[in-house]
Amino acid sequence: MASHFIGCAACDEMIPHSEYTKGQLAKGTDRRCKTCVKMQVPVPPAVEARAAAHAARLGLPRITKANAESYPAPNLNQFRTVAARASDDAAPVLWFWQMTGTD
Ligand SMILES: [Zn+2]
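Note that the structure is predicted; figures quoted are calculated from it, not measured.

1. Digging into the overall build of the chain
Line of reasoning, step 1. Counting secondary structure elements, the chain contains 5 helices and 2 strands.
Line of reasoning, step 2. Beginning at the N terminus, the succession of helices and strands in the chain can be written as β-β-α-α-α-α-α.
Line of reasoning, step 3. Each of the 103 residues in the chain was classed as buried or not, and the buried ones make up 15%.
Line of reasoning, step 4. When contacts within the chain are restricted to residue pairs at least 6 apart in sequence, those whose partners lie at least 24 apart make up 43%.

See the structure below:
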């Protein structure tokens, strides 16, 4: 019996589809597995979701072992001030999202 695994927004693990309630599945990528709901593990802060949404709109891919050479980390010398890093679409924010998918 093939089980289909999907990501949980709270624990960031791939969890079998059957471990989500229908209500959680309706939330799309903000879904939490039954364990996270029971343990009250929160979904990541909104700023991360905004960065992820922005990166997705820009068509930025996730960075994996296979393509990491094509996506070097941004030069942080250009982002020394808090203001330079604060934007949801600041290069370090998007790069971090590409690496982790969450935060
Ligand atoms: Zn979970």
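2. Remarks on the nonpolar core
Line of reasoning, step 1. Core analysis: the largest hydrophobic core is formed by 7 residues, namely Cys8, Ala9, Ala10, Ile15, Tyr20, Cys33 and Cys36.
Line of reasoning, step 2. Every residue in contact with Ala10, bar those within four places of it in the chain, is listed here: Arg32, Cys36, Val41, Pro42 and Val43.
Line of reasoning, step 3. By size, the runner-up hydrophobic cluster in this structure holds 5 residues, among which are Ala51, Ala52, Ala55 and Val93.

3. Quick notes on the confidence of the model for the chain
Line of reasoning, step 1. Averaged over every residue, the pLDDT of the chain is 84; the share at 70 or more is 89%.
Line of reasoning, step 2. Mean pLDDT in the chain bottoms out at helix H3 (residues 46–57), which sits at 70, and peaks at helix H1 (residues 22–25), which reaches 96.

Rules behind the numbers
- Residues numbered from 1 in each chain as written.
- Predicted model: local features only at pLDDT ≥ 70, side-chain atom pairs only at ≥ 80, totals over all residues.
- Helix = DSSP H or I, 4+ residues; strand = E, 2+ residues; numbered from the N terminus.
- Buried ≥ 20, exposed ≤ 12 C-beta atoms within 10 Å, placed from the backbone.
- Contact = placed C-beta atoms within 7 Å.
- Core = buried A, V, L, I, M, F, W, Y, C linked by C-beta atoms within 7 Å.
- pLDDT = per-residue confidence, 0-100.

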